[in-house]
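Here are the chains, one letter per residue:
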Amino acid sequence: MTDLPAHASVVVIGGGIMGCSTLYHLAEMGAGDAILLERDKLASGTTWHSAAQVRALRHSRNLTRMIRYSIDLYSRLERETGQSTGWIGRGSLSIATTPDRLAHIRRQEALAHAFGVEAASISPGEAKARWPLMNADDVLGAVWSPEDGRVGPSDVSAVLVRAARARGARLFEDVRVTGILTENGRVRGVETSAGAVICDAVAVCAGLWSREVAAMAGARAPLLACEHFYLLTGPVEGLTGNMPTLSDHDGRLYIRDDSGGLLVGCFEPMGKPIPPGALGENFAFGLLPEDWDHFGPMMANALHRLPVLETAGVRMLLNGPESFTPDGMFMLGETAETRGLFLGCGMNSVGVASAGGAGMNLAHCILRGHTAYDLSEADAMRFAPVFDSVEHLMARAAEVLGAHYEIAYPGRQFATARDLRRVALDTEHRAAGAHMGQFYGWERPLWFGKTAEPVLRFDRPDWFEAVGAEVMAAHQRAAVFDLSSFGKIEIEGPGAEAFLLHVCASNMARAPGAVIYTALLNERGTYESDLTAQRLAADRYRLYTGAAAIARDLAWLRRHAEGFDIRLRDVTEDHAVLGLMGPDSARIAGVLGGPALNALGYFRHGIADLAGRRVRAARLSYVGEAGWELTCRAADASAIYAALMEAGAAPAGLFAQASMRIEKGFAAMGHELDSDIGPVEAGLERMCSRKNGFVGSDALDECRRTRCRSLATIVLDDPGSQPLGHEPVLFNGRIAGRTTSAAFGYRIGRPLALAHVAGAPDGAAVEVDIAATRHAGRLRFAPAFDPEGRRMRGG
Ligand SMILES: Cc1cc2nc3c(=O)[nH]c(=O)nc-3n(C[C@H](O)[C@H](O)[C@H](O)COP(=O)(O)OP(=O)(O)OC[C@H]3O[C@@H](n4cnc5c(N)ncnc54)[C@H](O)[C@@H]3O)c2cc1C
């Protein structure tokens with residue numbers, strides 16, 4: 001018999017490191033009646049057999065911040081509880097054996113500096129001195145990260161629970177959650193093998209079983225387990241004491257010492273996915289069979305790097321299951337489907353490193369309604385429902401495992417689970433030689449060119465000329481950008497205006513015919529989303545948001561809709577949207593029978609017939625060239641597109657659009673805008689209403705008094721520089737900010753970036769650190785290219 005309580009504020013499901021960290025932080029933040037339910041024993045899922053390396057550096061500031069929090073927590077808890085977490089802080093060493101890998105680790109080193117993490121380039125000789133057993137003959141360079149280390153994963157879990165208990169929280173082992181109770185789309189409690197518990201919130205930290213657990217509440221958690229291998233040897237001569245972790249990512253290996261022997265783990269090119277249910281309900285402290293055939297190529301790499309393996313006795317080839325998500329990032333936060341149901345799962349083989357900070361953020365999210373800092377890249381709502389299919393997950397999870405050590409080239413795309421969602425013009429795009437990229441399941445043209453697949457690289461990309469031609473088409477003549485994957489939400493009802501005045505930061509009370517660029521702010525006055533709205537009638541608006549933002553925005557709107565007489569509808573798939581942009585657009589509209597469009601003022605929309613099909617044209621531009629975003633029935637898109645092409649427009653893709661957006665200085669959600677940034681910092685305060693009463697208005701008022709703009713454009717001097725975003729920006733020789741998006745600006749003939757920079761005045765000479773080389777540039781609080789004053793020909 002267990003003494004399971006009848007009620008708990010929060011129920012955490014799963015006693016792996018993620019659940020334990022969440023419980024600890026819930027208790028620390030005041031939810032002392034939170035409970036953790038583990039169907040077997042603590043750490044019995046994946047956690048117990050983890051290699052448990054903790055490497056601080058991630059590709060974004062906040063993920064890095066999160067793991068640094070884990071490092072601090074794991075050593076702080078030892079002091080607090082007097083119980084060991086097994087933390088060994090011996091640093092990590094990343095080696096490069098190819099020029100591109102060297103560029104990759106140097107970019108990471110620069111990133112580390114931007115995020116305040118210690119990292120230094122060292123020579124192959126110095127690397128060899130730090131890891132004498134390594135064959136360093138082919139090593140070109142290395143980066144040394146002294147703050148990294150590793151822990152005892154079961155120890156950390158136990159210590160977290162001990163510290164949580166000291167704050168009132170409770171753990172129940174051998175209690176299986178068998179169902180999740182919901183009412184009106186909200187969590188009410190859980191059913192377990194030991195009875196029911198009524199609760200306000202549930203945290204799903206059930207590791208690779210989380211997909212099935214979330215489904216108990218009607219929610220989606222698209223993840224799937226793969227087999228993950230590491231080799232353990234007997235004692236090895238020459239291994240004395242604890243060594244740094246050695247990362248040979250060209251060889252797809254991680255290496256460390258383990259009990260006097262070696263631990264050699266790998267991320268082979270294509271993992272072995274495990275079908276749901278294959279492990280059985282009672283899989284605890286379990287492992288999978290060794291597979292030497294599969295590990296063979298990795299063993300060859302390991303023998304090359306560590307010749308001592310020839311003679312070291314193999315103890316075992318450990319094969320344990322670990323879960324992977326469709327994009328390689330974990331899922332954290334409330335689900336779109338069920339209120340009060342939170343995900344903390346899909347850890348993609350960095351769960352031990354992440355859990356400290358991820359558990360803190362999950363607890364924050366449950367108790368305070370948002371993560372401690374922006375973690376939208378891990379948002380639980382970011383996957384299109386179509387990804388939650390066993391077939392797609394079996395294909396993608398295996399590839400994601402293999403991509404773990406891939407070089408982060410610009411333009412990299414996954415090859416599996418593609419063609420899940422096609423826009424209405426998919427056939428036309430492919431016929432025109434589109435190279436596709438996947439966004440929220442949609443296939444979108446990145447650029448057009450009847451060439452073979454590009455070779456990915458850090459220097460000038462294979463698509464450089466093709467994208468340049470598309471930009472010039474939009475700049476000098478007319479181009480069509482397919483914007484159909486925009487999320488589209490209709491709001492209808494007598495309360496529509498009042499509702500939007502409540503949730504949006506701009507004046508939404510404009511007359512029908514208005515197009516309004518606006519923001520959804522949270523109570524902290526920072527961005528939840530930015531979108532454009534078209535007022536279609538007194539009681540009807542249509543919102544256009546980012547492709548991947550649809551579930552999140554809809555959930556946000558629904559959660560603020562109480563008390564308003566409105567109806568919200570996702571109409572994304574009903575309509576196609578074509579951006580007709582460039583000086584020749586007006587002539588084309590005239591030729592196709594829509595001359596009236598030319599009378600439309602900026603930020604106005606109206607109806608026209610183009611090529612005999614009805615369109616709603618909105619006069620705005622995301623690329624800094626005059627034109628319209630044309631919304632039509634998806635079924636009419638092909639006819640309209642054919643007519644536009646026939647009349648002289650050229651197709652243009654996302655890379656051209658991104659380059660032009662950056663030249664025009666337009667901020668994008670997920671790049672320049674996120675929930676750490678408000679309109680004042682983004683230079684968009686003027687788009688916001690001065691009237692109070694909308695969500696976030698008080699905080700925005702405060703920001704108007706206390707903050708200043710940080711978003712700037714940096715144009716680099718050297719036309720050959722290749723900024724990619726996420727680079728440190730230096731002012732007066734000191735890091736003062738970071739780039740957020742970057743591109744080559746074809747209209748200005750120079751590379752450029754948008755960046756958040758503190759303390760540098762307009763016109764300041766700055767430097768951008770690209771792969772540990774500083775590139776000079778000039779900072780401006782104005783667009784690099786502004787076609788102000790240009791008029792459309794024939795308009
Ligand atoms: C071989 C290997 C090496 C690794 N090396 C590293 C590394 O070096 N660094 C790193 O950071 N990460 C590493 N990882 C990944 C890391 O170990 C995992 O990401 C992490 O342990 C996952 O923790 P978790 O709490 O999410 O899941 P788990 O540890 O699997 O915990 C989930 C728990 O939920 C319980 N549960 C499931 N269903 C229910 C239910 N219905 N009711 C109650 N309880 C339930 C399970 O019993 C389980 O205990 C490695 C993984 C593997 C396999």
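Here the structure is a predicted model, which is why all the values come from computation and not from measurement.

Conventions used here
- Residues numbered from 1 in each chain as written.
- Predicted model: local features only at pLDDT ≥ 70, side-chain atom pairs only at ≥ 80, totals over all residues.
- Heavy atoms only, no water.
- 1 Å grid on protein atoms, 1.4 Å probe; cavity = no way out; pocket = protein on both sides within 12 Å on 5 of 7 lines; lining within 4 Å.
- Points joined across faces, edges and corners; volume = space filled by probe spheres on them.
- Nonpolar A, V, L, I, M, F, W, Y, C, P; charged D, E, K, R; others polar.
- Helix = DSSP H or I, 4+ residues; strand = E, 2+ residues; numbered from the N terminus.
- Polar contact = N/O pair within 3.5 Å; in protein donor to acceptor, adjacent residues only side chain to side chain.
- Phe/Tyr/Trp six-rings, centres within 6.5 Å; stacked < 30°, edge-to-face > 60°.
- Lys NZ or Arg CZ within 6 Å of the ring centre and 35° of its normal.

1. Considerations on empty space enclosed by the protein
Counting across every chain of the model gives two cavities of 30 Å³ or more. Here the largest cavity is characterised by a volume of approximately 50 Å³. Around the largest cavity, the lining residues are Phe481, Leu483, Met581, Tyr622, Val623, Glu629 and Gln657. Residues belonging to the lining of the largest cavity are distributed by class as follows: five nonpolar, one polar and one charged. Estimated volume of the second largest cavity: approximately 40 Å³. Along the walls of the second largest cavity sit Arg444, Pro445, Phe481, Asp482, Ala652, Gly653, Leu654 and Gln657, which together make up its complete lining. Those elements that place two or more of their residues in the lining of the second largest cavity are strand S22 (442–448), strand S23 (479–482) and helix H16 (654–664).

2. Details of the environment of lysine 128
Considering the arrangement of structural elements, one finds lysine 128 in helix H4 (residues 124–130). The spatial distance from the C-alpha of lysine 128 to the C-alpha of valine 139 is 9.1 Å, given a sequence separation of eleven residues. Within polar-contact distance, the side chain of lysine 128 engages the backbone oxygen of methionine 134 at 2.6 Å.

3. Details of the packing of aromatic side chains
Overall, the coordinates contain 17 aromatic pairs when judged by the stated rule. When the centroid spacing of 5.1 Å and the interplanar angle of 70° are considered together, the rings of phenylalanine 744 and tyrosine 746 count as edge-to-face. The rings of Phe229, Trp292 and Phe295 are connected pair by pair, giving a single aromatic cluster. The ring of tryptophan 144 carries the charged tip of arginine 130 above its face, separated from the ring centre by 4.0 Å. Seen from the ring of tyrosine 602, arginine 619 lies directly overhead, with NZ or CZ sitting 4.5 Å from the centre.

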